[in-house]
Amino acid sequence: KPRKHLKIMISGAPASGKGTQCELITSKYDLVHIAAGDLLRAEIAAGSENGKRAKEYMEKGQLVPDEIVVMMVKDRLSQPDSAEKGWLLDGYPRSSSQATALQAFGFKPDLFILLEVPEEILVDRVVGRRLDPVTGRIYHLTYSPPENEEIAARLTQRFDDTEEKVKLRLQTHNQNVESVLSLFEDITVKVDGSLSKEVVFAKIDSALSNLIEQNILGMAAT
Ligand code: AP5
């Protein structure tokens, strides 16, 4: 069956559920998940110069400069698996300059998903978030607790997941979100991210299946 590969961007405030939805999306649609924050944390873990510089900004909840982020994302999108399977870009672009830079390299999304979550919920999500360093899975002490004691014992917390830091991250998000949204208005789907992760995924899933159907119809017509 002919099927154009999906190219998706997902955006939303800190802890709005981007990573959680990306886990669910990739397990069903087999897209390459590219998370700007994960790429940056990998640079930090590797001890690179870019990683050192990036961490200074991440600790203040500010955007890492374009000269680091843009090429990093572009390089990952340029790898063969992204072209073969399609991609799911998480946490990028966060400014109009990041959006236009990507467009200039020829990467254009089919759909822009925005997760909308009230601010008072976000702090609670950040503070309770835990990560499994073995599987990379995202947990929450209350909303998505680990399946067993073994996993519970090895969970870690991100260095920027404190109440104080999430407020700074949120401020940065609020300053930039409108300028990015205005560039993708015609392909944006807004989803209420305050619902359970299963309900949020059902809405995203239906937007993605619609998109695939349109692509197949479009290809049949040509
Ligand atoms: P990044 O790593 O992208 O962090 P973020 O945007 O703050 O988003 P998070 O990863 O915190 O949250 P999420 O939306 O993925 O939520 P999750 O699914 O984990 O960026 C970190 C930093 O890197 C930035 O501050 C910046 O400095 C830098 N950076 C990154 N990209 C950049 C760029 N493009 N340019 C410049 N700088 C950049 O969920 C959160 C918690 O809630 C989890 O515990 C989860 O289990 C729980 N949860 C999720 N969904 C639900 C639900 N529906 N109901 C209940 N609980 C839920």
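What counts and what doesn't
Residues numbered from 1 in each chain as written. Predicted model: local features only at pLDDT ≥ 70, side-chain atom pairs only at ≥ 80, totals over all residues. Heavy atoms only, no water. Phe/Tyr/Trp six-rings, centres within 6.5 Å; stacked < 30°, edge-to-face > 60°. Lys NZ or Arg CZ within 6 Å of the ring centre and 35° of its normal. Helix = DSSP H or I, 4+ residues; strand = E, 2+ residues; numbered from the N terminus. Contact = heavy atoms within 4.5 Å. Near = heavy atom within 4 Å. Polar contact = N/O pair within 3.5 Å; in protein donor to acceptor, adjacent residues only side chain to side chain. Areas by Shrake-Rupley, 256 points an atom, 1.4 Å probe, with all protein chains shown as cover. Pairing = 2+ DSSP bridges. Axes fitted to C-alpha atoms, helices over the stretch in contact; angles between N-to-C directions. Parallel < 35°, antiparallel > 145°, perpendicular 65-115°, else oblique. Nonpolar A, V, L, I, M, F, W, Y, C, P; charged D, E, K, R; others polar. Core = buried A, V, L, I, M, F, W, Y, C linked by side-chain atoms within 4.5 Å. Buried < 20%, exposed > 50% of the residue type's maximum accessible area, 1.4 Å probe, protein only.

Colleague: What exactly am I supposed to notice about the packing of aromatic side chains here?
Modeller: Enumeration over the complete set of coordinates arrives at one aromatic pair. Lying across the ring of Phe105, Lys74 places its NZ or CZ 4.8 Å from the centre.

Colleague: Any chance you could explain the side chain of His173 here in plain terms?
Modeller: By the element assignment, His173 lies in helix α9 (residues 163–181). Once you skip the residues sitting within four places of it in the chain, His173 turns out to touch Gly12, Ala13 and Pro14.

Colleague: Is there a simple way to think about the site of the ligand in this case?
Modeller: Near the ligand, the surroundings consist of 35 residues, among which Thr20, Gln62, Arg94, Arg129 and Arg169 are the closest. Between the ligand and the protein, one listed contact pairs an oxygen atom with a backbone N or O atom of Ser16 at 3.3 Å. Measuring from a nitrogen atom of the ligand, one finds a backbone N or O atom of Gly91 at 2.9 Å. If the ligand stood free it would expose 1,000 Å²; the protein chains cover 95% of that surface. Residue assignment for the shell around the ligand shows that the elements contributing at least two residues are α1 (18–29), α2 (36–46) and β6 (138–140).

Colleague: Could you clarify how one ought to interpret the sheet that holds strand β1 (residues 7–12) in this entry?
Modeller: Neighbouring strands of a sheet are bound in pairs by backbone hydrogen bonds; such pairs are parallel or else antiparallel. Within the open sheet, the five strands sit side by side as β2-β3-β1-β4-β7. Their pairing is parallel. Since the sheet does not close on itself, it has two edges, and those belong to β2 (32–35) and β7 (188–192), each with one partner. Geometrically, the sheet is characterised by an average inter-axis angle of 20° between neighbouring strands, direction not taken into account. Looking at chain direction, β2 and strand β3 (residues 87–90) are connected through four bridges and run parallel. Bridging across to β3, Val32 finds its partner in Trp87.

Colleague: Looking at this structure, I do not really get the packing of α2 against helix α4 (residues 66–77). What am I missing?
Modeller: How two helices pack is summed up by the angle between their axes together with the distance between the axes. The geometry of α2 relative to α4 is characterised by a closest axis approach of 10 Å and an angle of 105° between their N-to-C directions. When the axis of α2 is compared with that of α4, the two are roughly perpendicular. Seen from α2, the contacting residues are Ala36, Leu39, Leu40 and Glu43; seen from α4, they are Ile68, Val69, Met72, Val73 and Arg76. Of the residues contributing to the contact of α2 with α4, the split by class is seven nonpolar, no polar and two charged.

Colleague: Can you walk me through the nonpolar core in this structure?
Modeller: Generally speaking, soluble globular proteins have nonpolar side chains that are buried together. One finds Leu40, Val73, Leu77, Leu89, Tyr92 and Leu102 to be the most contacted residues of the largest nonpolar core, which totals 26 residues. Among the elements of the structure, β2, α2, α3 (49–59), α4, β3, α6 (96–104), β4 (111–116) and α9 are those that each provide at least two residues to this core. Residue contacts for Leu102: discarding those within four places in its chain leaves Met9, Val73, Leu77, Leu89, Tyr92 and Phe107. If you look at the next biggest cluster of nonpolar residues, it comprises 20 residues, including Ile10, Leu31, Val189 and Val191.

Colleague: What should I look at first to understand the pairing of β7 in this one?
Modeller: Side chains on a regular strand alternate between the two faces of the sheet. Alternating positions in β7 separate cleanly, Val189 and Val191 being buried on one face and Thr188, Lys190 and Asp192 remaining unburied on the opposite face. Direction of pairing for β4 relative to β7: parallel, over a ladder of five bridges. Looking at the pairing, Phe112 lines up with Thr188 of β7.

Interpretation in functional terms is not warranted from these geometric data alone.
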